[in-house]
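What follows is each chain in one-letter form.
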Amino acid sequence: MRKIKYFIVIAVLALTLSNNSYSQETFTNITYDMSVPLGNTADFISKTSFRGFSFDIGRYVTDNLAIDLRFSWHTFYEEMPFDSYYDGTQTVTGRQYRYINSFPITGGIKYYFNSSSHFMPYIGAGLGAYGQYVRTDMGIYTVENRQWHFGFFPEAGFVYEFSYGTGFVLNARYDNTLAAGGHDGNSYLTFSVGFHFRH
Amino acid sequence: MKKKLRKIFSFIIVAAMPLAFFSCYPGGVEYYSDTDIIMTNYDEDFDFNANMNYFMPDTVHYAKGDSDDEIERKFEDDILNRIESNMTKLGYTRQADENDADVYVVATVTSSSYTGIGWIPGGGWWWGGYPGWGGWYPWYPGYGWGYSYSYTTGSLFMEMANPPATQQDTVDIVWNSAINGLLSTSDANTLERINRNIDQAFNQPPFAPKK
């Protein structure tokens, strides 16, 4: 957690103090996100999430390199069939409604391959804190685990500017969190599409 | 000017995004029956196949729980008949005299009107030990939205006791079941769910294998 704090402080300082000739511009990405659960996340909820968004602000450090801060919200949901669950001699039968709400707050870097063009492919990576609420409703009862996890992600995508400073952004990101507080981490692949604004 | 418009546009989108979510807990129950749960537990050291004679009282025991509401008694015969038919299917014989029985079967009904969050399964007076399911609490309807609510649930408990050879204050409960769900306003719907859920309780271990 301490490392995450240092990383965020350095990223904020870089955003505010960076002052070379290429680094005057900032950008904002606002995207609609669709997430495919993987690993033990898919064991709990197998359905793709169509409820998600990301808000990403960043600054170009050089023509090709940018740093950014991202906030996302991804909601996974699945209604399980009427089924029995066993624990030793105990059996509970009913319908389960399962939810995961994931709130990544991350810092990252992006490298643009073709920054002087309208079409700018990029790769990136980052890390940060992920708030993850994992909840199961069954009958009139519920159980929920709220836990902050350390997580990281690689991503790849492109920006297409259709007019100066305004364009589309499309990317794919693999968010992965580590176990924390006795709770497993989660992993999922997110496809994002949205707007890119360069200021 | 163009730059300013772009900034305004981006902030409008940012403000609109969370609205698109509306709720972080989509979906959920649609019908009363979606709230039904059937819990069973048993003593794995007890031989259920060697004690096939049972005694069951002609009445259902009623417990008020945390509510002052009068408990509906109109399903009493239906409950007892359904239990008996399930016991018969399993090969048990109902005895009129309790002295001829290997085990006793008792049914208890309670209703609870919830006006908030407060009752934890596993900690209730009736359950007495489902440690693996601790931490559950009532959520329905609208938990987390900050308004007060009231609703009524019905619970049916079935217990099988192994009477001791000598007179004692306590008896061993070798099998118990708790059936719980939101009470519907329709008698036909409630009766159909009672019958189905009693059948389910007898279709779980130790009377049926795990699926």
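This one's a predicted model, so the numbers in the text were calculated from it and none came from an experiment.

A. Summary view of the overall build of chain B. For chain B, the count of helices and strands is 3 helices and 8 strands. Order of helices (α) and strands (β) in chain B, N terminus to C terminus: α-β-β-β-α-β-β-β-β-β-α. Taking all 211 residues of chain B together, the buried fraction comes to 25%. Considering only residue pairs separated by 6 or more positions, chain B has 73% of its internal contacts joining residues 24 or more positions apart.

B. Looking closely at the overall build of chain A. Looking only at helices and strands, chain A features 2 helices and 10 strands. Its helices and strands taken in sequence order, chain A reads α-β-α-β-β-β-β-β-β-β-β-β from the N to the C terminus.

C. Just the confidence of the model for chain B, in detail. All names here are of chain B. The pLDDT averaged across chain B works out to 72; a share of 61% of its residues lies at or above 70. Across residues 114-149, confidence stays below pLDDT 50; counting only partners more than four residues off in sequence or on other chains, it has 51 contacts. In the predicted complex, the global pTM is 0.77; the interface-specific ipTM is 0.75.

D. Examining the packing of helix 2 (residues 76-89) of chain B against helix 3 (residues 187-201) of chain B more closely. Residue and element names in this part refer to chain B. Between helix 2 and helix 3, the shortest axis-to-axis distance is 10 Å and the interhelical angle comes to 25°. Judged by the inter-axis angle, helix 2 sits roughly parallel to helix 3. Crossing of helix 2 over helix 3 shows right-handed handedness. When helix 2 is examined against helix 3, the residues Asp78, Ile79, Arg82, Ile83 and Asn86 are found in contact with a partner set consisting of Leu191, Ile194, Asn195, Ile198 and Asp199.

E. Main features of helix 2 of chain B. Residues and elements named next belong to chain B. The terminal C-alpha atoms of helix 2, which comprises 14 residues, lie 20 Å apart, in line with the 20 Å expected from a rise of 1.5 Å per residue. When helix 2 is considered as a whole, its buried residues turn out to be Arg82, Ile83 and Met87. Angular distribution of buried residues about the axis of helix 2 spans 130°; they occupy a single face of the element. Among the exposed residues of helix 2, those pointing more than 90 degrees away from its buried face are Asp77, Asn81, Thr88 and Lys89. Immediately downstream of helix 2, the backbone of Gly91 shows phi near 100°, a positive value.

F. Main features of helix 3 of chain B. Residue and element names in this part refer to chain B. When the terminal C-alpha atoms of helix 3 are compared, their 21 Å separation across 15 residues agrees well with the 21 Å that a helix rising 1.5 Å per residue should span. Among all positions of helix 3, only Thr190, Arg193, Ile194, Asn197, Ile198, Gln200 and Ala201 are buried. Projection of helix 3 onto a plane perpendicular to its axis shows the buried side chains occupying an angular sector of 155°, all on one side.

G. Broad picture of unusual backbone geometry. The residue after Pro205(B), namely Pro206(B), is reached through a cis peptide bond having omega 10°. Examined against the element boundaries, Pro206(B) turns out to sit in the segment after helix 3.

H. Structural detail: the environment of Phe50(A). On the secondary structure map, Phe50(A) appears in the loop between helix 2 (39-44) and strand 2 (51-60). Put simply, Phe50(A) and Val36(A) are 14 residues apart on the chain and 9.0 Å apart in space, counted from C-alpha to C-alpha.

I. Representation of the pairing of strand 2 of chain A in the model. Residues and elements named next belong to chain A. When you tally the buried positions in strand 2, you get 8 out of 10 residues, the bulk of the element. Of the pairings in the sheet, the one linking strand 1 (residues 26-38) to strand 2 comprises 7 bridges and is antiparallel in character. Bridging across to strand 2, Tyr32 finds its partner in Phe53. Connecting the antiparallel pair strand 2 and strand 3 (residues 65-79) is a turn made up of 4 residues.

Scoring rules and cut-offs
Residues numbered from 1 in each chain as written. Chains lettered and ligands numbered in written order. Predicted model: local features only at pLDDT ≥ 70, side-chain atom pairs only at ≥ 80, totals over all residues. Helix = DSSP H or I, 4+ residues; strand = E, 2+ residues; numbered from the N terminus. Buried ≥ 20, exposed ≤ 12 C-beta atoms within 10 Å, placed from the backbone. Contact = placed C-beta atoms within 7 Å. pLDDT = per-residue confidence, 0-100. Axes fitted to C-alpha atoms, helices over the stretch in contact; angles between N-to-C directions. Parallel < 35°, antiparallel > 145°, perpendicular 65-115°, else oblique. Left-handed = near helix turned anticlockwise from the far one by under 90°. Expected span 1.5 Å × (residues − 1). Arc of directions from axis to C-beta. Pairing = 2+ DSSP bridges.

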